[in-house]
Amino acid sequence: MIRGWYIGSSGMNAQQNRLDTISNNLANVDTAGFKKDVSVSKSFPELLVRRTKADGVLQNPFGSSDAAPIIGKLGLGVETNENFTEFEQGSFRVTDEPTDFALDGQGFFAVETPLGERYTRNGNFIVGKEGILETKDGYPVLGENGYIRLDKVLEGAKFNVNEDGVVQINAREDDGTDEIVDRMKIVRFDNERYLKKMGNSLWCPTDVSGNAYIAEGGERPRALQGLMETSNVNVVEEMVRMIEVNRAYEASQKTIQSEDSMMSTLWNKVALAR
């Protein structure tokens, strides 16, 4: 019976972890470029229960054999296996702001942080006071040659970014050509599923994900200026999951209550027998 308490409590812990994940998804439903997490659970190894009394062993000239019948399998509970991120493409929202960008396809913008180079899908950028393209948190957005400097934009010039990520200042009056500033550093990973979330829409690589490399050719997503990628969280779907989690949590809770009631009855009867 005591085992039943542990099994029920393991189920409650697993459902609590699922609820935390769902709550975080719902809290970030309006965060640009946010990718939802999914909590995956796994069961503990099951035990094959057999009768263990001596009458289940048959003696023969060559030794003995176990003739104990199989009673059945006994589950030992459940635990959270991992939280993995679904990198499904979010929908696009038109903002018409020249400093807003979205990536059409898999890939990440590279930004410089105090902890080193990090990566994001949130293309809600600004031009800082020093004329550098930055995130809303003040982290410089990286081009392939360093910071993307847009000093002339502060002086009233306009800039545009093509689908390949090439940043250009508006045409010069003398020859009518655009001045190429840099190309956005858009990166990919060998195994993007195992990137680690760092908060503030930032990601960092792990040993399993591999290091970042600049996306080229068919691997390179399109950079779309004047649009933002919304989160890929479906509110209705997450609310349905939340209801399922609450029901499963209540079921595990009732299991513990039933086990407690049986154990209380057993103790009372033993006490009366003595």
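The structure this text deals with has already been given above.
Residues numbered from 1 in each chain as written. Predicted model: local features only at pLDDT ≥ 70, side-chain atom pairs only at ≥ 80, totals over all residues. Heavy atoms only, no water.

Digging into the pattern of salt bridges
Using the following cut-off: When a carboxyl oxygen of Asp or Glu is within 4 Å of a side-chain nitrogen of Lys or Arg, the pair counts as a salt bridge. By the criteria applied, helices consist of DSSP H or I runs no shorter than four residues and strands consist of E runs no shorter than two, each listed in order from the N terminus. Residue exposure (1.4 Å probe, protein chains only): buried if accessible area is under 20% of the type maximum, exposed if over 50%, otherwise partly exposed.
Applying the stated criterion to the full structure yields 17 salt bridges. Across the salt bridge formed by E237 and R241, the nearest N and O atoms sit 3.1 Å from each other. With E237 and R241 both in helix 3 (residues 235-273) and four residues apart, the pair spans about one turn of that helix. Overall, E237 belongs to the partly exposed group, its relative accessible area being 30%. In this structure, a network of salt bridges that share partners links the residues K36, E86, E237, E238 and R241.

Notes on the packing of aromatic side chains
Given two aromatic rings, their pairing is described by the distance between the two centres and the angle made by the two planes. Just so we agree on the cut-off: Two rings from Phe, Tyr or Trp (for Trp, the six-membered ring) form a pair when their centres sit within 6.5 Å of each other. Planes less than 30 degrees apart are called stacked, planes more than 60 degrees apart edge-to-face, and all others tilted. A ring is considered to have a charge above it if a Lys NZ or an Arg CZ atom is located within 6 Å of its centre and within 35 degrees of its normal.
Under the criterion given, the structure shown has seven aromatic pairs. On the numbers, 5.1 Å between centres and 45 degrees between planes, the contact of F87 with W203 is tilted. With F87 in the loop between strand 6 (78-85) and strand 7 (92-94) and W203 in strand 20 (residues 202-204), the pair connects residues that are 116 residues apart, well separated along the chain. Taken together through their ring pairs, the aromatic side chains of F87, F108, Y119, F189 and W203 make up a single cluster. One cation-aromatic arrangement involves R193 over F84; the distance from NZ or CZ to the ring centre is 4.8 Å.

Describing the side chain of T85
To keep things clear, this is the line we draw: Whether two residues touch is decided by their heavy atoms; if any such pair falls within 4.5 Å, the residues are in contact.
For T85, the position within the fold is in strand 6. The residues contacting T85, other than those within four sequence positions of it, are K35, K36, D37, K197 and W203.

Section: helix 1 (residues 2-27)
Inclusion rule: In this scheme, a helix's expected span is set at 1.5 Å multiplied by one less than its residue total.
If you check helix 1, its first and last C-alpha atoms are 38 Å apart, about what 26 residues at 1.5 Å a residue would give, namely 38 Å. Within the span of helix 1, buried status applies to G4, G8, S10, G11, M12, A14, Q15, T21, I22, N25 and L26.

Quick notes on the sheet that holds strand 16 (residues 166-169)
The test is simple: For two strands to be treated as a pair, DSSP must find at least two bridges joining them. The axes used here are C-alpha line fits, helices contributing only the stretch in contact, and every angle between their N-to-C directions lies in the interval 0 to 180 degrees.
Read across the open sheet, the three strands follow the order 15-16-17; overall the sheet is antiparallel. On the outer flanks of this sheet lie strand 15 (159-161) and strand 17 (179-183), each paired with one strand and no other. Strand-to-strand twist of the sheet, defined as the mean angle between neighbouring strand axes without regard to direction, takes the value 25 degrees.

Here's the deal with a nonpolar patch on the surface
This is how the line gets drawn: Each patch is built from salt-bridge-free residues with over 30% relative accessible area, joining like charges within 9 Å and nonpolar side chains (Val, Leu, Ile, Met, Phe, Trp, Tyr) within 5 Å. Note on areas: Shrake-Rupley, 1.4 Å probe, and residue coverage restricted to the protein chains presented here.
A cluster of nonpolar side chains, L266, W267 and V270, forms an exposed patch at the surface whose accessible area comes to about 290 Å². The topology assignment puts W267 in helix 3. What makes W267 exposed here is its relative accessible area of 53%.

As for the sheet that holds strand 20
Reading across the sheet, the six strands line up as 19-20-10-9-18-21 and stay open at both edges, with antiparallel pairing between neighbours. Edge positions in the sheet fall to strand 19 (196-199) and strand 21 (213-214), since each has one partner strand and no second. Where strand 10 (residues 116-120) meets strand 20, two bridges bridge the pair, whose relative direction is antiparallel. Bridging from a neighbouring strand, T120 pairs with L202 of strand 20.

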